[in-house]
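# Architecture at a glance
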Number of protein chains: 2
Amino acid sequence: MSSQELSSFIGRWLPRLEDEMRDMLHSKEAAVAAHYGMMGYHMGWLDEQFNTQISPSGKRLRPMLCLLACAEMGGDPIQALPAATAIELLHNFSLIHDDIEDGDETRRHRPTVWKIWGVPQAINAGDGMFTLAFAAMQRLVRRGVSADHTLQALNLFTQTCLKLTEGQHLDMSFEQRIIVSVDEYMRMIQGKTAALVGASVAIGALMGGAAASQVSDLQQFGEAIGLAFQIQDDILGIWGNPEETGKAAGNDILRRKKSLPILHALNHDRVGEQFETLFDSELSPTQLPKALDLLEQAGTRQFTEAAMRHQHELGLAALRQALDERVENSMLFGLTDGLLNRRS
Amino acid sequence: MSSQELSSFIGRWLPRLEDEMRDMLHSKEAAVAAHYGMMGYHMGWLDEQFNTQISPSGKRLRPMLCLLACAEMGGDPIQALPAATAIELLHNFSLIHDDIEDGDETRRHRPTVWKIWGVPQAINAGDGMFTLAFAAMQRLVRRGVSADHTLQALNLFTQTCLKLTEGQHLDMSFEQRIIVSVDEYMRMIQGKTAALVGASVAIGALMGGAAASQVSDLQQFGEAIGLAFQIQDDILGIWGNPEETGKAAGNDILRRKKSLPILHALNHDRVGEQFETLFDSELSPTQLPKALDLLEQAGTRQFTEAAMRHQHELGLAALRQALDERVENSMLFGLTDGLLNRRS
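Our subject in this report is the structure included herewith. (Residues numbered from 1 in each chain as written. Chains lettered and ligands numbered in written order. Predicted model: local features only at pLDDT ≥ 70, side-chain atom pairs only at ≥ 80, totals over all residues. Heavy atoms only, no water.)

Looking now at the relation of the copies chain A and chain B. Two copies of a chain can be linked by a rotation about an axis combined with a shift along that same axis. For the pair chain A and chain B, the relating rotation is 180°, the translation along its axis is 0.0 Å, and the fit reaches an RMSD of 0.0 Å. Between the two chains, the operation in question is that of a two-fold axis. Closest approach to the rotation axis among the C-alpha atoms of chain A is made by Ala147 of chain A, whose C-alpha sits 2.8 Å away. The fraction of interface residues of chain A whose copies in chain B are also interface residues reaches 100%, indicating that both copies meet through the same surface. (Least-squares fit on C-alpha atoms with pLDDT ≥ 70 in both. Contact = heavy atoms within 4.5 Å.)

Below, the structure written as structure tokens:
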């Protein structure tokens with residue numbers, strides 16, 4: 001697989017994905033245009049007055065994994081397109097609600113939906129987009145997918161939605177607690193992040209005609225690389241180059257985010273107490289070198305990088321299981337490898 | 001049909017419905033028990049500490065209509081039970097989110113979910129219950145419903161979810177406006193209330209083996225009686241006997257709720273302006289007689305009762321279309337008739 005082949009795949013399918021998503025969000029009735037307008041704003045297609053605008057959207061990583069997995073199994077990605085659409089709508093529904101729940105006022109350099117239209121309308125716009133995700137899944141039959149296969153995919157999708165809400169429940173609960181273990185954190189990101197990446201690959205594979213064992217291997221692959229991505233985010237959140245990440249150095253420490261490196265340090269035998277004292281106070285940027293020094297003493301960076309590599313390797317093993325010797329030539333391998341070497 | 005037959009049907013199926021709903025909300029994992037506990041609290045099964053408690057639950061009207069429609073078409077209600085469960089879970093998800101959106105602090109004489117666990121966790125518990133509603137629908141295949149029929153039912157269900165969020169969007173938008181027309185109000189309750197009642201009957205009929213035209217007639221029946229129920233609520237909200245409704249006389253006027261009678265008066269040629277002046281001020285109970293007198297002058301009560309009767313008749317005509325001469329013997333007729341003569 002050449003990176004050119006991957007780029008060409010993305011170049012071909014990204015516009016079709018955007019079209020399918022726009023089609024789902026299209027409102028036929030003027031009276032409720034604002035309801036769908038808020039969703040279009042969140043997606044980056046409309047401005048606050050619901051005029052067309054091109055704003056930065058997400059990377060569309062999950063739907064691309066879905067389409068790639070379908071192609072990898074010898075299927076026509078067009079059959080997986082409704083599922084890819086559903087996955088991206090689900091991801092974005094969860095962002096609309098997460099922004100309310102976390103009180104985040106900006107996303108992708110724009111005010112969040114609740115910040116503009118208030119919490120009540122934003123909750124409801126999220127509910128609408130959640131519904132549209134299920135509606136998109138049901139379009140699979142229009143692309144010639146059998147009713148049985150559609151229900152199998154829907155089942156996987158629904159189980160994933162449940163895991164998302166469980167992960168979000170844990171994440172919010174952790175905010176209320178002083179100490180959270182590394183294992184608890186892994187359980188949380190398994191639900192909040194990894195489950196949907198796993199489902200994206202698994203549903204794509206299912207649409208591509210994969211056997212049950214391959215679907216299961218590819219789901220494991222997706223979950224493991226989902227965990228690896230999240231841990232990589234956690235690493236960049238502390239040691240990323242501010243010029244590349246666009247965030248301040250040690251950003252996650254200053255934001256007091258309970259990420260994996262920070263939980264490692266908080267739970268550390270030797271420096272744990274010291275780090276906790278520092279972390280519990282109103283941490284100012286001048287205290288950052290001290291905090292980073294404690295992480296250094298605890299070997300936190302090595303621990304976190306090893307945890308990321310471990311998930312990456314687990315993922316590749318599951319991918320090898322699914323694809324045999326084809327693994328190095330697969331676009332799934334190429335995409336994963338490229339993303340896990342990113343610096344921002 | 002005797003009212004005894006109806007009571008015996010409800011007595012037989014209500015406990016099975018409750019069991020199926022409990023089974024859906026059952027959590028297997030201690031770490032997320034509180035997530036499902038909040039849902040169980042809302043359903044009236046658990047107290048704030050998640051101990052078993054029997055609190056007043058809703059009337060379960062929608063799932064009962066679903067099971068009755070299935071039986072009416074000659075089907076076994078056991079096949080419609082997952083759909084009835086889904087419908088009641090969907091209704092309750094919408095109540096959890098509505099309570100946040102409206103800032104309501106109590107429901108059925110208990111604090112609302114957001115009031116106890118905060119808005120972020122309550123949004124997420126609602127999302128979880130929304131997901132479980134879709135999961136319940138997918139259980140239809142376990143009861144021997146074909147994949148095609150399951151997808152048809154799911155499609156109806158999903159379209160209804162969309163209408164719910166559209167209706168809720170309109171309801172919240174109306175709060176921000178001074179004048180809302182009677183037609184706009186009807187469009188709003190069509191989405192917020194009637195659509196789900198219509199879908200309950202239609203999905204039950206579909207599971208009972210009804211032909212497409214019967215499903216469509218019964219959906220119309222459900223939507224019309226859903227509108228009639230809502231208008232009846234609006235009538236009781238002003239002219240209901242406080243001893244029977246448990247609410248103050250003229251309650252909806254004092255709460256400044258934009259219900260159908262109030263919109264009729266606000267839009268009235270002759271008394272509209274006077275009523276608006278009164279309504280815009282901080283209305284005290286001493287001004288209630290004046291407000292009621294203006295409604296009297298506008299003929300509001302007659303208008304509203306006629307609107308209710310009109311929907312009731314439309315509903316019965318659609319029911320007759322679906323059932324032919326059997327209509328008066330049907331339990332759907334009996335249940336509807338009983339409910340539209342209620343006084344609280």
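After presenting the structure, the write-up continues.
Attention shifts here to empty space enclosed by the protein. Enumeration over the complete set of coordinates arrives at two cavities of 30 Å³ or more. Here the largest cavity is characterised by a volume of approximately 110 Å³. Along the walls of the largest cavity sit Tyr41, His42, Pro56, Ile96, Asp99, Arg107, Arg108, Arg110, Pro111, Thr112, Val113 and Trp114 of chain A, which together make up its complete lining. Among the secondary structure elements, those contributing two or more residues to the lining of the largest cavity are helix H2 (33–43), helix H4 (77–102), strand E2 (110–111) and helix H5 (113–117) of chain A. Per-class residue counts for the lining of the largest cavity are six nonpolar, two polar and four charged. Forming the boundary of the second largest cavity are Tyr41, His42, Met43, Gly44, Pro56, Asp99, Arg107, Arg108, Arg110, Pro111, Thr112 and Val113 of chain B. Sorting the residues of the lining of the second largest cavity by element identifies helix H2 (33–43) and strand E2 (110–111) of chain B as the ones contributing at least two each. Ranked by the residues each element gives to the lining of the second largest cavity, the list is headed by H2 of chain B, at three residues. (1 Å grid on protein atoms, 1.4 Å probe; cavity = no way out; pocket = protein on both sides within 12 Å on 5 of 7 lines; lining within 4 Å. Points joined across faces, edges and corners; volume = space filled by probe spheres on them. Helix = DSSP H or I, 4+ residues; strand = E, 2+ residues; numbered from the N terminus. Nonpolar A, V, L, I, M, F, W, Y, C, P; charged D, E, K, R; others polar.)

For the rest of this paragraph, the subject is the environment of Ala199 of chain B. Residue and element names in this part refer to chain B. For Ala199, the position within the fold is in helix H8 (residues 182–207). Residue class for Ala199 comes out buried when judged on its relative accessible area of 2%. Here the alpha-carbon distance between Ala199 and Glu328, two residues 129 residues apart in the chain, equals 22 Å. (Buried < 20%, exposed > 50% of the residue type's maximum accessible area, 1.4 Å probe, protein only.)

Quick look at the pattern of salt bridges now. All names here are of chain A. Overall, the coordinates contain 28 salt bridges over all chains when judged by the stated rule. The residue Lys192 makes a salt bridge to Asp171 at a minimum N-O spacing of 2.8 Å. Remark: Asp171 occurs in helix H7 (residues 147–175) and Lys192 occurs in helix H8 (residues 182–207); sequence separation between them is 21 residues. Residue class for Lys192 comes out partly exposed when judged on its relative accessible area of 22%. (Salt bridge = Lys/Arg side-chain N within 4 Å of Asp/Glu carboxyl O.)

Take the interface of chain A and chain B next. At the junction of the two partners, chain A supplies 41 residues and chain B supplies 41 residues. Taken over both partners, the interface formed by chain A and chain B buries close to 3,500 Å², and the fraction arising from carbon and sulfur atoms is 65%. The largest per-residue losses of area from chain A upon contact with chain B belong to Thr131, Leu151 and His169 of chain A, which jointly make up 16% of the total buried on that side. Here chain A and chain B share two salt bridges between them. Across the pair Arg187 of chain B and Glu29 of chain A runs a salt bridge, and its minimum N-O distance is 2.6 Å. There are 17 residue pairs in polar contact (both at pLDDT 80 or more) connecting chain A and chain B. Elements supplying a minimum of two residues to the side of chain A that touches chain B: H2, H4, helix H6 (119–137) and H7 of chain A. By residue number, the principal contributor to the side of chain A that touches chain B is H7 of chain A, which donates 16 residues. (Buried area = accessible area lost by both parts, 1.4 Å probe. Polar contact = N/O pair within 3.5 Å; in protein donor to acceptor, adjacent residues only side chain to side chain.)

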